[in-house]
Amino acid sequence: MSETKQRTVHMVDTYGQYQKIKEEVDREVIAVMESTRFIGGQKVAGLAENLATYLGVKHVIPCANGTDALQIALMALGLQPGDEVIVPAFTYVATAEVIALLRLTPVMVDVDKDTFNLEVSELERVLSAKTKAIVPVHLYGQSANMEPIMDFAKKHDLFVVEDNAQAIGATYTFSDGRTAKTGTIGHVGCTSFYPSKNLGAFGDGGAMMTNDDELAGRLRMIANHGQSKRYYHDSIGCNSRLDAMQAAILDVKLRHLDEYSKARNWAANQYDLAFTNMDQIIRPVRATNSDHVFHQYTVKLTNGRRTELQTYLKEQGIPSMIYYPVPLYKQKAYDHYWTAGETLPATEVLCDQVISLPMHTELNEEIIHHISSHVKNFLS
Ligand SMILES: *Cc1c(COP(=O)(O)O)cnc(C)c1O
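Definitions and cut-offs
Residues numbered from 1 in each chain as written. Predicted model: local features only at pLDDT ≥ 70, side-chain atom pairs only at ≥ 80, totals over all residues. Heavy atoms only, no water. Helix = DSSP H or I, 4+ residues; strand = E, 2+ residues; numbered from the N terminus. Rg over C-alpha atoms; globule rule 2.2 N^0.38 Å. Buried < 20%, exposed > 50% of the residue type's maximum accessible area, 1.4 Å probe, protein only. Contact = heavy atoms within 4.5 Å. Areas by Shrake-Rupley, 256 points an atom, 1.4 Å probe, with all protein chains shown as cover. Lys, Arg positive; Asp, Glu negative; His and termini not counted. Charge placed at Lys NZ, Arg CZ, Asp CG, Glu CD. Domains from an automatic or database assignment. Buried area = accessible area lost by both parts, 1.4 Å probe. Salt bridge = Lys/Arg side-chain N within 4 Å of Asp/Glu carboxyl O. Polar contact = N/O pair within 3.5 Å; in protein donor to acceptor, adjacent residues only side chain to side chain. 1 Å grid on protein atoms, 1.4 Å probe; cavity = no way out; pocket = protein on both sides within 12 Å on 5 of 7 lines; lining within 4 Å. Points joined across faces, edges and corners; volume = space filled by probe spheres on them. Nonpolar A, V, L, I, M, F, W, Y, C, P; charged D, E, K, R; others polar.

To continue, consider the overall build of the protein. Counting its regular elements, the protein contains 12 helices and 14 strands. Taking 2.2 N^0.38 as the reference for a compact globule, 380 residues should give roughly 21 Å; the C-alpha atoms of the protein span a radius of gyration of 21 Å, in line with that estimate. Expressed as a percentage of the 380 residues in the protein, the buried residues total 56%. A sequence separation of at least 24 residues applies to 72% of the contacts in the protein between residues at least 6 apart. Split by element, the accessible area of the protein, about 17100 Å² in all, is 51% carbon and sulfur. Where the 36 positive side-chain charges of the protein centre and where its 45 negative ones centre are 2 Å apart.

Take a look at the structure:
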């Protein structure tokens, strides 16, 4: 490998991925343009149907983005202002944002230090008479531990809304051996088709999924101005649509989703090998009850030199990201939901230590070697 050759290393290579399916995608996009059926129609219905089949769920309701999906899901549950919703403190802001927007109270809890997902023992600690729902997040591509979460929810009559924006295609295995795709286990699952997500559109998009017929009707109605039939509005809703062009593109990409997950796993395994026996790097821990679709390849750096590593990598033309640098309860917009001085230990450590390396479907041995040897250079 020549060290002088200029490489462009991408965090996410949407261009490279598009080149491989360009013919199919272009054909579908042109067909939508020719049809001038830009909103709704067969393309959107077709994607919903194909995604439902893929996930093994009864209903998929497309919407405008993943944040809307979470908001509409919470709106459909009939919660009252002041009701408490449990959410991990280590997640993307959207998860808590929609809770606050609806005048519900986000109750932030810690995550497991290894899997980065909701720490189940926290549920008992924060349960109150006002608790009405839990929003577990399947962070970085791996399912939260859904079986005990669902058991707890059932016992205390709580709703579960899964934030599946980062783990579409992942499979959770129950203790009896039964399996289910993430997003199909709780009362409602929510996902995002933001371009960099594992199933990414060429713009914004999102979807909700549920096995409950009545809930599906409500989700559909709320996403469409609370309209039960045309110009009859039974509830206050919003305007949240996936457009036909995005649906057509997503339908093509859905056919490749398993192959994409495989490519991501291959890349993760290559990184893992490269970082074997390096005591300053803790590699991603695989949950025992979930497979991984590696939305991110995120390691923990234990030597306190994360900023320096990022700077060094940047100088070599290698991007990296910190998902997420600040616990939700330390964010200005959310700290009033928090008792000053309290901290969540695992969340704090993760915010200080995590760093995500380039992860996408187009990585190859050479690029991974290039990235990992620079990481190793810096640490040796
Ligand atoms: C991306 C993401 C969202 C929001 O999705 P958008 O489509 O950007 O609105 C919500 N939750 C998590 C965990 C995400 O990663």
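The domain boundaries assigned to the protein delineate domain 1 (17-254) and domain 2 (256-379). The gap between the C-alpha centroids of domain 1 and domain 2 is 24 Å. With 49 residues of domain 1 at the interface, the matching set in domain 2 holds 35 residues. Taken over both partners, the interface formed by domain 1 and domain 2 buries close to 3800 Å², and the fraction arising from carbon and sulfur atoms is 58%. Area buried by domain 1 at its contact with domain 2 is led by M108, Y140 and N198, which between them contribute 20% of it. Scanning the region where domain 1 abuts domain 2 turns up one salt bridge. Between E362 and K20 there is a salt bridge, with the nearest N and O atoms lying 2.6 Å from each other. At the junction of domain 1 with domain 2, the criterion picks out 26 residue pairs in polar contact (both at pLDDT 80 or more).

Attention shifts here to the layout of surface pockets. To find leftover empty space, one rolls a probe the size of a water molecule over the atoms. In this structure, the largest pocket occupies an estimated 530 Å³ of space. Around the largest pocket sit 27 residues that line it, and Y92, Q166, Y194, S196 and K197 are the ones nearest its centre. The residue inventory of the lining of the largest pocket, partitioned by class, reads 13 nonpolar, 10 polar and four charged. Mapping the lining of the largest pocket onto the domain boundaries places at least three of its residues in each of domain 1 (17-254) and domain 2 (256-379). When its volume is computed, the second largest pocket comes out at roughly 400 Å³. Residue lining of the second largest pocket: 15 residues in total, with V44, P62, R220, N224 and R241 positioned closest to the centre. Among the secondary structure elements, those contributing two or more residues to the lining of the second largest pocket are α2 (41-55), β1 (59-63) and α7 (213-223). Of the residues contributing to the lining of the second largest pocket, the split by class is nine nonpolar, four polar and two charged.

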